[in-house]
Amino acid sequence: MQSSIQKIQRAIGPLREQVITHPVFESISSLAELGTFMNYHIYAVWDFMSLLKALQNNLTCTTVPWFPVGEPDTRYLINEIVTGEECDLDRQGNRMSHYELYLQAMQQCGAEPKGFLSFVEALQQSGQLETTFTAAGVPAAAREFVDYTFSVISCGKPHVQPAVFTFGREDLIPNMFLAMVNELDNKFPGQVSEFKYYLDRHIEVDGGHHSQLALQMVANLCGNDPKKWQEAEQAAIAALEKRLVLWDGVYEQISLGREHPALV
């Protein structure tokens, strides 16, 4: 199984490198541009939580009456990840999800997520993604990204979901982006500290312990089935391609803001 995981890692290597080195990270030089980035990225933060809960729904029992579902090891893995993502600590020691941490960071730096919150509110009422995308005016790049995530959620293949979660949703944060956030934090005290904390927690939790748990979950669900491993690889590649689409959308919006400030 280790060789199968390494095969996927080799297959997605070039795409992961493109994600990490995307010019969007070097394009951010102000709080306004950071706000543009965050107003796109929040869709990925939110649908990451949706994918996580889909995994929990499919791999454990979340209904009443309760019955054991799946392998105990897999149940343990997904439940531990859910606990970390849904009930982490903020800087004051209060429990909140990584999604809520992100919204808190947006509000601190002035990146008011009005469009995104309108999308969430409308979706809660309608339950229909397609109509909500249009009604809320969701940017095309964010829409395409979320569309793919929910196609994975509804695909009915339990081994594909953890593959996307593990290989396609590890938000590898390049050093140049971290340096930029640190610089903005020093330049604008009290306006970027929450986002800096979010990134630190993301790297510490998602990039470390959770990554190892997720790899084990993929191995458990693909087992010795070559077809499942192939489908997992294809899904991971597609997820990274959609991440590039998202970054392209952010980059174009930031560039437009510099060329035509009145239009943004």
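Up top is the structure.
All values reported here derive from a predicted model rather than from experimental measurement.

Parameters and conventions
- Position numbers for residues count from 1 along each chain, tracking the sequence in the order it is written.
- Given that the model is predicted, a residue must reach a pLDDT of at least 70 before its local features are reported, and side-chain atom pairs must reach 80 or more before they are shown or counted; all residues, however, enter totals for whole chains, interfaces and linings.
- To obtain the side-chain values, all non-hydrogen atoms of the structure were included, while hydrogens and water were left out.
- Secondary structure elements follow DSSP: runs of H or I of four or more residues count as helices, runs of E of two or more count as strands, with numbering from the N terminus.
- Based on C-alpha atoms, the radius of gyration is set beside the globule rule, defined as 2.2 Å times the residue count to the power 0.38.
- The cut-offs for exposure are 20% and 50% of the maximum accessible area for each residue type, with area from a 1.4 Å probe on protein chains only; residues under the lower value are buried, those over the upper are exposed, and the others partly exposed.
- A contact between two residues is defined here by any heavy atoms of the two lying within 4.5 Å.
- Here, Shrake-Rupley sampling with a 1.4 Å probe gives the accessible areas, and only protein chains in the shown set may cover a residue.
- Relevant arc is that of directions from the helix axis to the C-beta atoms, nothing else.
- Here a polar contact is taken to be a pair of N or O atoms separated by no more than 3.5 Å, where protein atoms must pair a possible hydrogen donor with a possible acceptor and residues adjacent in sequence count only if both atoms sit in side chains.

Novice: Would you mind going over the overall build of the protein with me for this structure?
Specialist: Within the protein, the regular secondary structure consists of twelve helices and two strands. The helix and strand sequence of the protein, counted from the amino end, reads α-α-α-α-β-β-α-α-α-α-α-α-α-α. Its C-alpha atoms give the protein a radius of gyration of 19 Å, near enough to 18 Å, the size a compact globule of 264 residues would have. With the C-alpha coordinates of the protein rotated into their principal frame, the extents come out at 55 × 40 × 40 Å. Out of the 264 residues in the protein, the part that is buried amounts to 50%. Counting only contacts in the protein whose residues sit at least 6 apart along the sequence, the fraction spanning at least 24 positions is 73%. When the accessible surface of the protein is split by element, carbon and sulfur atoms take 52% of a total near 12,500 Å².

Novice: So what exactly am I meant to see when it comes to helix α7 (residues 129–136) here?
Specialist: Along an α-helix, residues three or four positions apart point the same way, because every turn accommodates 3.6 residues. Among all positions in α7, only Leu129, Thr132 and Phe133 are buried. Burial along α7 is one-sided: seen end-on, the buried residues are contained in an arc of 105 degrees. Across α7 from its buried face, at more than 90 degrees, point the exposed residues Thr131, Thr134 and Ala135. One or two residues past the end of α7 sits glycine 137, with phi positive at roughly 65 degrees.

Novice: Could you clarify how one ought to interpret unusual backbone geometry in this entry?
Specialist: Across residues other than glycine, the phi torsion is negative in most instances, and most of the peptide bonds are trans. Following valine 64, the chain continues to proline 65 via a peptide bond in cis, the omega torsion being 0 degrees. Counting through the fold element by element, proline 65 comes out in the loop between α3 (31–59) and α4 (72–86).

Novice: Looking at this structure, I do not really get the side chain of glutamate 33. What am I missing?
Specialist: Mapped onto the elements, glutamate 33 comes out in helix α3. A distance of 2.8 Å separates a polar atom in the side chain of glutamate 33 from the backbone nitrogen of serine 29. What glutamate 33 contacts, discounting residues up to four positions off in sequence, is Ser27, Ile28, Ile254 and Arg258.

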